[in-house]
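One-letter residues, chain by chain:
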Amino acid sequence: MDPTHTNGTKPPHRARSRGGALRMLIDALVEPAIVVRAGTAAIEIINDEAAELFGYTPQELIGQPIEALMPERFRKAHFVYGRTGIGARTRGMAEHTRLTAMRRDGAEFPVEITLSPMRTRSGEFVAAVIRDVTVSHLTSGALERSEERYRKVVSAMSEGVLIYYADGSLEPCNDAARQVLGSSATDELVPSLPVDWGLVDEDGSPLAGNACPGPLAIQTGAGASDKIIGLIRPGHPLTWFTVSAQPLFEPNAASPHAAVFTFADVTEQRRGTEALRASEEYLRQRTIELERANTQLEAAREQLEDAHAETVILLAAAAEAHDHTTGKHLRSVRAITEALAFEFGYSDAEVLDLGLASVLHDIGKLRVPGSILTRASALRSEQWDVMKQHTIWGAEFLASRDRFLLAAQIARSHHERWDGGGYPDGLKGDEIPEEAAIVTVADSFDAMISRRPYREPWPIERAIAEIAACAGTQFSPRVAEVLLRLYRTERLPLPRGTDPLTRAA
């Protein structure tokens, strides 16, 4: 699909808006997705896929009410959705909801949506992943991947998230909620708050259960934000939370059946300056202890390195989920890169850093449409232009993080050629960073011996001959010579199951 403006030019790759974190999340999705601001129902973020689904450009829909995408006869029933906040109520996170939508030309079509309430520093939002159920080529797997992304977002939230039902039962949606519920959260569905728990208002006076934001949202159909409530639990000190609730509606229902309940612990803020000074003193004492414990410091450093490595693998896994052909390839590229770096005389730490950085060389493909990544035939000119942008997108994403500066350099330059004919910057010879030149050879060699949607893997000997033939044109002569030497001495790591004398598995 290739939406254009009326003047024939392509719109920007994504509709832009003010929400940085939400925008990154929506941009990462290949399914149609919309984010509206709770309380106004105005569309804040919409990706190209969603705009095209409804027959608009993204710019035409930004700021419009969500009801504009529904048939007139359904708008009153759904009018309360965006203005009070929408949620969803599966045990993990979200719910499939079937609705009737309307395209720009007035054509109606059935959609299945996954709704998720979100809170950021800039306000409360509702995100919707939309699936046109009349389109047969959209599989359930794509929707499941979107749900999984949303589950991960909720799981990572520091705020507790739960669903409050009209019968008083509670469904915790993330670990933060389960931790507060404690022993009562042995099951996913908690029948009710324990009878020996109590609630107090901001002024310390008892708070009746039906005066809580959750029950009120169900009774009135209106949401509430940032209400301060104290929780009394046996064996625990009084804990203060800032609480928000938004009603949940069944499709085409006039009244809510449940409410999404979010809360954050603000006890420390209420304790004021004295608690802050105590915390600072604790941190000072802790720092002194850590300075005296050299062995513990070393262990902590190793843990941080492990955490960094895990972060790299998670980022690479995100690209792998978008381009299912890269999983085995990434592991092999890392092994070959580390072997080359070691042969070049890099230190053990530098070898490890370069190997981890190489895994992220194609992270920019997260923004490349799946229809391009998995295309079995040759790309058209305009599709190739989009594909080449992955080097720039990957570098921009990684460069904003200090630990990923090397990875950013490699992501940008791993498609440069020794003769200057590469992209995106047309670097030539020694202008290309050595680390990027190493990853280029490792990436290209493993790509040759790996199966691709458009071809079978090459025999090993053919790939080795190609590296030798392209030394000095496509590849750095020094890097190519080192790879050939590793192969001749049987020290070149090959993918498991590969016959080194004949062909790739």
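Analysis parameters
- Residues numbered from 1 in each chain as written.
- Predicted model: local features only at pLDDT ≥ 70, side-chain atom pairs only at ≥ 80, totals over all residues.
- Heavy atoms only, no water.
- Pairing = 2+ DSSP bridges.
- Helix = DSSP H or I, 4+ residues; strand = E, 2+ residues; numbered from the N terminus.
- Axes fitted to C-alpha atoms, helices over the stretch in contact; angles between N-to-C directions.
- Buried < 20%, exposed > 50% of the residue type's maximum accessible area, 1.4 Å probe, protein only.
- Contact = heavy atoms within 4.5 Å.
- Parallel < 35°, antiparallel > 145°, perpendicular 65-115°, else oblique.
- Nonpolar A, V, L, I, M, F, W, Y, C, P; charged D, E, K, R; others polar.
- pLDDT = per-residue confidence, 0-100.
- Core = buried A, V, L, I, M, F, W, Y, C linked by side-chain atoms within 4.5 Å.
- Phe/Tyr/Trp six-rings, centres within 6.5 Å; stacked < 30°, edge-to-face > 60°.

Engineer: In this structure, what is going on with the sheet that holds strand E10 (residues 239-248)? I would like to understand it.
Structural biologist: By way of backbone hydrogen bonds, the strands of a sheet pair with one another, either parallel or antiparallel. With respect to topology, six strands assemble into an open sheet ordered E7-E6-E11-E10-E9-E8, the strand pairing being antiparallel. This sheet does not close on itself; its edge strands, each paired only once, are strand E7 (170-172) and strand E8 (198-200). Averaged over all neighbouring strand pairs, the angle between strand axes comes to 35°, with direction disregarded. Two elements, strand E6 (residues 160-165) and E7, share three bridges in a ladder whose sense is antiparallel. Across the sheet, residue tyrosine 164 finds its bridge partner in E7, namely leucine 170.

Engineer: What's the story with helix H7 (residues 213-220) in this structure? I'm lost.
Structural biologist: Considered for burial, the residues of H7 that qualify are Pro213, Gly214, Pro215, Ala217 and Ile218. For H7, the elements touching its buried residues are E6, strand E9 (224-232), E10 and strand E11 (258-265). Just beyond H7, the residue with positive phi is glycine 221, at close to 75°.

Engineer: Hey, could you run me through unusual backbone geometry in this one?
Structural biologist: Generally, phi is negative for residues other than glycine and the peptide bonds are trans, each holding for most cases. In the segment running from tyrosine 423 into proline 424, the intervening peptide bond is cis, with an omega of 10°. Note on placement: proline 424 falls in the loop between helix H15 (405-413) and helix H16 (434-448). A positive phi angle, close to 65°, is found at alanine 41, a residue other than glycine. Here alanine 41 shows up in the loop between strand E1 (33-37) and strand E2 (43-46). Residue classification places alanine 41 among the buried positions, given a relative accessible area of 0%.

Engineer: Would you take a moment to explain the packing of helix H13 (residues 381-388) against helix H14 (residues 390-399) for this structure?
Structural biologist: Angle between the axes and distance between the axes: these two values describe a pair of packed helices. As a packed pair, H13 and H14 sit with axes 5 Å apart at the nearest point and diverge in direction by 20°. In terms of orientation, H13 and H14 fall into the roughly parallel class. Between H13 and H14, the contacting residues are Val386, Met387 and Lys388 on the first element and His390, Thr391 and Trp393 on the second. Per-class residue counts for the contact of H13 with H14 are three nonpolar, two polar and one charged.

Engineer: Please explain the confidence of the model for the protein as it appears in this structure.
Structural biologist: Caution applies to low-pLDDT regions: their predicted coordinates should not be interpreted in detail. Residue-level pLDDT values for the protein average 78, and 74% of them are 70 or greater. Within the protein, the element-level pLDDT minimum falls on helix H9 (residues 294-322), averaging 53, and the maximum on helix H18 (residues 477-488), averaging 97. Here residues 1-18 is a poorly scored stretch, pLDDT under 50, and it has 39 contacts once near neighbours within four places are set aside; other chains count. Below pLDDT 50 for its whole length, residues 499-505 participates in 24 contacts with residues either more than four positions away or in separate chains.

Engineer: Where do I start with the nonpolar core in this structure?
Structural biologist: Judged by nonpolar contacts, the single largest core of 45 residues is most densely connected at Leu340, Leu398, Phe445, Ile467 and Leu483. Elements with a minimum of two residues in this core: helix H10 (327-344), helix H11 (348-359), H15, H16, helix H17 (460-469) and H18. Ranked by residues supplied to this core, first place goes to H16 with eight residues. In this structure isoleucine 467 touches Val441, Phe445, Met448, Phe475, Ala480 and Leu483, once residues within four positions along its chain are discounted.

Engineer: I keep staring at the packing of aromatic side chains and nothing clicks. Help me out?
Structural biologist: Counting across every chain of the model gives three aromatic pairs. Aromatic side chains phenylalanine 54 and phenylalanine 109 sit 5.8 Å apart centroid to centroid with 55° between the ring planes, which places their arrangement in the tilted category. On the criterion of sequence distance, the pair formed by phenylalanine 54 in helix H2 (residues 48-54) and phenylalanine 109 in strand E4 (residues 108-120) is long-range, its members being 55 residues apart. The class for phenylalanine 54 is buried, based on a relative accessible area of 3%.

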